[in-house]
Structure formats: C-alpha cells, structure tokens
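Residues per chain, in single letters:
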Amino acid sequence: MCSAILVLLASILGGYSLARYQFKGKKLVLVSFLATQMVPVMVILVPLFITFGQIHLLNKLPSLIITYTAMNIPFCLITMSSFFQRIPVSLEEAAMIDGCNKFQTMTKVVLPMMQPGIVATFVFAFIGAWNDLFFGVMFTNSESAKTVPVGLSSFVQKFDINWGQMSAAGMISLIPVIIMFAIVQKYIVAGLTQGAVKG
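Note that this is a predicted model, so its numbers are computed, not measured.

Trainee: Sorry, what's going on with the overall build of the protein here?
Mentor: If you tally the helices and strands in the protein, you get 10 helices and zero strands. Its helices and strands taken in sequence order, the protein reads α-α-α-α-α-α-α-α-α-α from the N to the C terminus. Counting only C-alpha atoms and orienting by the principal axes, one finds that the protein spans roughly 70 × 40 × 35 Å. The buried share of the protein, taken over its 199 residues, is 33%. Across the protein, contacts joining residues at least 24 apart in sequence account for 74% of those joining residues at least 6 apart. Counting only carbon and sulfur atoms, one obtains 71% of the accessible surface of the protein, whose full area is about 12100 Å². Across the protein, the mean location of the 12 positive side-chain charges is 7 Å away from that of the 6 negative side-chain charges.

Written out as structure tokens, the structure is:
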C-alpha cells in the first residue's frame, strides 16, 4: 500500500511534467524510463542486496517499499503522462483566467477528470507489489517483515506441501484485493478504455 501511494504521487507529478512541459532531453527521459522496463530483475538484485545490507534495511519492510516504488514508477509515470495528454490544456487556461493558480487548477480541474487514470495506475502499482515473491524472499527472512506471497510459500515444505492451510491462507489473502476491485471497478474500466475511438 505504501509503495503504491508513493508511486501514484510520483506518477502524478512526473506525468504532468512530461505531458505539459517541453524541456531539453525530454525524449531521452522517456526512452530511459522505457529502457528500465527491459532490464531483468536479476541484474539489479545483487547491487540492491549489498546496498540494503550496508544501510541495515535487510529483513525490514522499507527495503521492499523502496524496491517496489523504484520498479513501478517508470511504467506508471509514462501511463499517467498519457492520461494527462488527453485532457485539453484549454481547460487549465480557462481555470487560470477565472482566478485559479497552478495548484488550484491541478486539484480542482485536472485531478477530478483524472480519476479513472489515477485509480488504474494505483491498482497496477498495488498489484505489482502485492503479488511479488522474488524480492520478498530475497530481502526478508523475519516473520514481522514477510509479505503475503512469502508467507504462502512457507507452506511448501521440503518433503510435503500443506495444501489445506495454503489454500485457506490464499483465499484470505484475496479478500483485500477483491474488496478493492469491487470498490474501484468502474474507475478501472473507464481508465483502461479512456481515449478509445468509438465506432
């Protein structure tokens, strides 16, 4: 949840900047963000493990929050930028003519229209962190820092698999996700279909 909120905040600010401002090296920034999505996680595992060990973050949740945030920001930022580009600049200009400053224009005009995109981006970041097993296994060993996938994997023993307990725990772990999707379902559909061409 923490990483999804951080990703959403960074994506809103960064996406708005990429969509509304022209600056030198903008294309290079976009290409760099896309390039990070092609880097295998195995490549960054050892440097991250060493770094977290040196700053004493192994077996602690902040290590996972930092990792999930860094991994999800590039894609979510580009996605959010595309949502901002679909909102006409004339709406912001009209709001500023009516007396709104930049912050008021953002909060009262742009963000309300961005609800589907915001929800879709948040859900993507949340699911990406919620379902991750790889980094959870590598960076956490203590019971207090275990994530849900790591806890479920602990039911797989060396010579046995506790299918009953693992199934029960798996069903319980689905409850928060099901509730969240039930609440934001209409926003997700709108966010995924926003900008589609009507026939």
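Trainee: Would you mind going over the side chain of serine 81 with me for this structure?
Mentor: Summarising the element assignment, serine 81 is placed in helix 4 (residues 61-85). A relative accessible area of 6% means that serine 81 is categorised as buried. If we skip the residues at most four places from it in the chain, serine 81 touches Gly15, Leu18 and Ala19.

Trainee: Can you help me understand the packing of helix 4 against helix 7 (residues 115-130) in this one?
Mentor: The packing of two helices is summarised by the inter-axis angle and the distance between the axes. Helix 7 packs onto helix 4 with a crossing angle of 160 degrees between their chain directions and a minimal axis gap of 10 Å. Overall, the two elements helix 4 and helix 7 adopt an arrangement that is roughly antiparallel. As helix 4 runs across helix 7, the sense of the crossing is right-handed. Between helix 4 and helix 7, the residues in contact are Tyr68, Asn72, Phe75, Cys76, Thr79, Met80 and Phe83 and Gly117, Ile118, Thr121, Phe124, Ala125 and Ala129, respectively. Looking at the contact of helix 4 with helix 7 residue by residue, the classes come out as nine nonpolar, four polar and no charged.

Trainee: Quick question: what am I supposed to make of the environment of glutamine 115 here?
Mentor: Here glutamine 115 lies in helix 7. Since its relative accessible area comes to 38%, glutamine 115 is described here as partly exposed. Glutamine 115 sits 32 residues away from phenylalanine 83 along the chain, and the two C-alpha atoms are 10.0 Å apart.

Trainee: What's the story with the nonpolar core in this structure? I'm lost.
Mentor: Among the nonpolar cores identified, the biggest contains 23 residues, and Ile12, Met80, Phe84 and Met114 are the most heavily contacted of them. Ranked by size, the runner-up nonpolar core spans eight residues in total, among them Phe52, Tyr68, Ala129 and Phe135.

Trainee: What is the right way to read helix 1 (residues 2-20) from this model?
Mentor: An α-helical turn contains 3.6 residues, so a residue and the one three or four places further along point in the same direction. With 19 residues, helix 1 should cover 27 Å at 1.5 Å per step; its first-to-last C-alpha distance of 27 Å lies within 8% of that length. The set of residues buried in helix 1 consists of Ser3, Ala4, Val7, Leu8, Ser11, Ile12, Gly14, Gly15, Tyr16, Leu18, Ala19 and Arg20. Those residues of helix 1 that are buried are in contact with helix 2 (26-36), helix 4, helix 5 (89-97), helix 6 (102-113) and helix 7.

Trainee: Honestly, helix 7 in this entry has me stumped. Any pointers?
Mentor: End to end, helix 7 covers 22 Å across 16 residues, agreeing with the expected 22 Å (1.5 Å per residue, within 8%). Here helix 7 has its buried residues at Pro116, Gly117, Ile118, Val119, Ala120, Thr121, Phe122, Val123, Ala125, Phe126 and Ala129.

What counts, and where the lines are drawn
Residues numbered from 1 in each chain as written. Predicted model: local features only at pLDDT ≥ 70, side-chain atom pairs only at ≥ 80, totals over all residues. Heavy atoms only, no water. Helix = DSSP H or I, 4+ residues; strand = E, 2+ residues; numbered from the N terminus. Buried < 20%, exposed > 50% of the residue type's maximum accessible area, 1.4 Å probe, protein only. Contact = heavy atoms within 4.5 Å. Areas by Shrake-Rupley, 256 points an atom, 1.4 Å probe, with all protein chains shown as cover. Lys, Arg positive; Asp, Glu negative; His and termini not counted. Charge placed at Lys NZ, Arg CZ, Asp CG, Glu CD. Axes fitted to C-alpha atoms, helices over the stretch in contact; angles between N-to-C directions. Parallel < 35°, antiparallel > 145°, perpendicular 65-115°, else oblique. Left-handed = near helix turned anticlockwise from the far one by under 90°. Nonpolar A, V, L, I, M, F, W, Y, C, P; charged D, E, K, R; others polar. Core = buried A, V, L, I, M, F, W, Y, C linked by side-chain atoms within 4.5 Å. Expected span 1.5 Å × (residues − 1).

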